[in-house]
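Residues per chain, in single letters:
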Amino acid sequence: MLLVNIKELVGIEEKGLLMKKGAEMSETGRIKDAFLITRGKKILDYGPMDSDAYRKYLAENHRVYDMKGCVVMPAFCDSHTHLVYANSRELEFVDKIRGLSYEEIAKRGGGILNSAKATAAASEDELYDMAEKRLDEVMRMGTGAIEIKSGYGLSTESELKLLRVIRRLKETSPLTIKSNFLGAHGIPMEYRGHQQDYVDLVINEMIPLVAAEDLADFIDVFCDQGFFTCDDTERILMAGIKYGMRPKIHANEMAISGGVQVGVKYGAISVDHLEQIGQAEIDCLKDTETMPTVLPGCAFFLNLPLSPAREMIRQGLPVAMASDFNPGTSPSGNMQLILSMACIRYRLTPEEALNATTLNTAYAMGVSDELGSITKGKIANLIVTEPMTQLEYMPYFYGTNKVAKMILNGKFVS
Ligand code: NIG
Ligand code: FE
């Protein structure tokens with residue numbers, strides 16, 4: 001496919017960087033009046049319309065698509081979601097408005113346990129149908145790759161059910177999907193007071209079965225005040241690593257929990273949330289392979305303090321931003337909104353926000369060698385926007401869907 005008359009091609013990365021940190025985050029290649037050509041699934045070449053390369057491709061017999069006045073950019077990678085769930089939780093939303101905190105709701109058996117009850121009652125087919133619809137919706141809003149966690153099962157049977165749904169989505173969806181086993185998401189009521197027994201169940205029963213069916217790319221733990229301790233987390237991560245799952249964890253949403261340090265110690269590909277983070281955590285993340293990942297939708301929905309993304313970048317860290325799509329703390333998988341919040345609430349420039357939601361999230365889900373930027377040889381996962389002037393319009397004009405068409409694996413899928 002030869003895409004022509006692209007108003008602006010953005011998100012070009014030619015240095016082969018698999019993620020961007022510190023000052024690099026404001027770098028992104030941009031070409032006005034551009035073309036882009038794909039071959040099969042991949043990006044073959046791109047450049048200005050006014051070039052010999054373009055005239056050569058035009059003379060060859062390619063299918064030509066006129067991008068009249070549209071921006072073309074890499075599809076979003078959403079590296080943190082809980083998209084497979086059975087029920088919405090809008091009444092807890094009202095409880096929160098009336099003054100209850102997320103932790104209070106969880107303590108009385110709401111929150112994650114509420115979702116677990118509904119998940120246990122739903123069949124695999126029902127869960128698949130609901131998830132598939134959500135996946136299609138987020139794709140139409142620009143997402144081309146997505147990580148999906150289990151974690152609303154909290155029993156061996158239900159966790160396996162959720163992971164099998166994710167496997168089916170991997171097989172049927174045009175999106176690139178990574179799965180994450182989050183058996184340690186909440187402590188079931190019957191284990192309250194002897195939480196260790198639940199941790200043992202995760203380690204001794206769930207992880208071996210998940211591995212036997214090869215159901216998880218990553219292992220996750222909700223390491224936070226009121227949920228799993230650092231000791232629990234270490235034990236679970238070690239067990240997951242033994243079975244080939246790379247850690248990718250929830251940390252520091254409710255409190256400075258030590259979760260960041262545990263994640264870094266076990267080589268986590270990302271530590272996510274980070275609403276509660278101090279200099280010790282920032283220092284600990286420096287020069288590591290762990291991607292600090294901020295979840296603006298969750299902080300917005302729960303009115304949490306904002307993670308100091310600007311300061312992390314100033315100190316040379318990379319920052320990724322993902323949706324955290326889930327029914328309890330972020331009921332939206334709209335990555336365009338995350339892009340806008342990155343700029344408006346966290347003061348990232350549009351270029352930084354673009355890198356935070358494409359290349360850096362691709363890194364945080366282990367796919368940045370193939371996705372997350374406009375790079376020759378990478379998979380052609382592209383957003384074609386509605387007609388617009390330039391990249392900056394994308395975060396600026398928030399609240400409407402500005403994605404006109406999606407190209408995944410070199411093919412138009414919407
Ligand atoms: O990332 N923090 C833990 N897990 C989810 C919320 C889960 C829920 O409330 O359903 C999150 O915010
Ligand atoms: Fe989450």
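One numbering rule holds for all chains: residues counted from 1, following each sequence as written. Lettering for chains starts from A, numbering for ligands starts from 1, and both go in the order in which the items are written. With the structure being a predicted model, the display of local features is reserved for residues of pLDDT at least 70 and the display and counting of side-chain atom pairs for 80 or more, all residues being used for whole-chain, interface and lining totals. Computation of side-chain values: all heavy atoms of the structure, hydrogens and water removed.

Caption draft 1: Focus on the environment of G183. We count a stretch as a helix when DSSP gives it H or I for four or more residues in a row; a strand needs E for two or more, and each element gets its number in order from the N terminus. By the element assignment, G183 lies in strand β8 (residues 176–184). Taking the C-alpha atoms as reference points, G183 and V221, separated by 38 residues in sequence, lie 7.4 Å from one another. Pairs of residues are marked as contacts when any of their non-hydrogen atoms sit within 4.5 Å. Once residues lying within four places of it in the same chain are set aside, the contact partners of G183 are S150, L154, E159, Y198, V202 and M206.

Caption draft 2: Main features of the environment of N360. Note on placement: N360 falls in helix α15 (residues 359–364). In this scheme, a residue with accessible area under 20% of its type's maximum is buried, one over 50% is exposed, and one in between is partly exposed, where area comes from a 1.4 Å probe on protein chains only. Since its relative accessible area comes to 0%, N360 is described here as buried. Taking the C-alpha atoms as reference, N360 lies 8.7 Å from T293; in sequence the two are 67 residues apart. If we ignore the near neighbours within four places in the chain, the residues touching N360 are M19, K20, M25, M291, P318, V319, A320 and N355. Polar contact criterion, stated in full: a pair of N or O atoms within 3.5 Å, where within protein one must be able to donate a hydrogen and the other to accept it, and residues adjacent in sequence count only if both atoms are side-chain atoms. Within the local environment of N360, its side chain forms a polar contact with the backbone oxygen of V319, the two atoms lying 3.0 Å apart.

Caption draft 3: Local environment of helix α4 (residues 112–121). Buried residues of α4: I112, L113, S115, A116 and T119, and no others. The buried residues of α4 all sit within an arc of 150° when viewed along its axis, so they share a single face. For α4, the exposed residues set more than 90 degrees away from the buried face come down to K117 and A121. Where α4 is buried, its residues contact α3 (102–107), α5 (124–140), α6 (156–172) and β9 (218–223). Throughout, the arc means the angular range of directions from the helix axis out to the C-beta atoms.

Caption draft 4: Main features of the sheet that holds strand β7 (residues 143–149). On the basis of which strands lie adjacent, the open sheet formed by eight strands has the order β6-β7-β8-β9-β10-β11-β12-β13 and parallel pairing. Each edge of the open sheet carries a strand with a single partner, namely β6 (76–78) and β13 (320–321). Any two strands are treated as partners once DSSP identifies two or more bridges connecting them. Across four bridges, the pairing between strand β10 (residues 246–251) and strand β11 (residues 270–273) is parallel. Across the sheet, A251 pairs through a bridge with H273, a residue of β11.

Caption draft 5: Summary view of the site of ligand 1. By nearness alone, 16 residues border ligand 1, and Y102, Y152, H185, E253 and T329 come closest of all. Here an oxygen atom of ligand 1 sits 3.3 Å away from a polar atom, N or O, in the side chain of H82. At 2.9 Å from an oxygen atom of ligand 1 is found a side-chain nitrogen or oxygen belonging to D324. Note on areas: Shrake-Rupley with a 1.4 Å probe; residue coverage comes only from the protein chains shown. Relative to its free-state accessible area of 330 Å², ligand 1 is covered by the protein chains to the extent of 100%. Definitions used for this entry: grid spacing 1 Å over protein atoms alone; cavity, a set of points where a 1.4 Å probe fits but cannot get out; pocket, an open set with protein on both sides within 12 Å along at least 5 of 7 lines; lining residue, one with an atom within 4 Å of a point. Placement in a cavity or pocket follows one criterion, namely that more than half of the molecule's atoms lie within 2 Å of its grid points. With respect to the detected pockets, ligand 1 is housed in the largest cavity. Here a residue is considered near a molecule or strand provided that any single heavy atom belonging to it is located within 4 Å of it.

Caption draft 6: Structural detail: the pattern of salt bridges. Salt-bridge detection follows one rule: a side-chain nitrogen of Lys or Arg within 4 Å of a carboxyl oxygen of Asp or Glu. Counting across every chain of the model gives 27 salt bridges. Here K248 makes a salt bridge to D272, at a shortest N to O gap of 3.9 Å. Of the two residues, K248 is situated in strand β10 and D272 in strand β11; the sequence distance between them amounts to 24 residues. Given the relative accessible area of 0%, K248 is considered buried.

Caption draft 7: Local environment of the coordination of the iron ion (ligand 2). Excluding water, the donors of a metal are its N, O and S neighbours within 2.8 Å, or within 3.2 Å for Na, K and Ca, and that exclusion means sites may look incomplete. Those protein atoms acting as donors to the iron ion (ligand 2) are H80 (NE2), H82 (NE2), H250 (NE2) and D324 (OD), and they sit at 2.1 to 2.3 Å. Here the donor residues of the iron ion (ligand 2) are spaced in sequence according to H-x1-H-x167-H-x73-D. A residue pair is termed long-range when its members are at least 10 positions apart, and H82 in the loop between β6 and α2 (90–97) and D324 in the loop between β13 and α13 (335–344) qualify at 242 residues.

Caption draft 8: Layout of the nonpolar core. Nonpolar cores were defined as sets of buried Ala, Val, Leu, Ile, Met, Phe, Trp, Tyr and Cys residues, with membership established by side-chain atoms within 4.5 Å. Counting 103 residues, the largest nonpolar core has L83, V84, L169, F181, I236, M321 and L348 as the members making the most contacts within it. A total of eight residues in this core trace back to one element, the largest contributor, which is helix α7 (residues 195–212). By convention here, the domain bounds are inherited from an automatic or database domain assignment. Residue assignment places this core across two domains, with domain 1 (2–75 + 372–412) and domain 2 (76–364) each supplying three or more. Apart from the residues lying within four places of it in its own chain, the contact partners of I236 are A184, V199, V202, I203, I207, I219 and V221. One finds L3, Y46, C70 and V72 within the second-largest nonpolar core, a separate group that totals 18 residues.

Nothing here speaks to function; it is geometry throughout.
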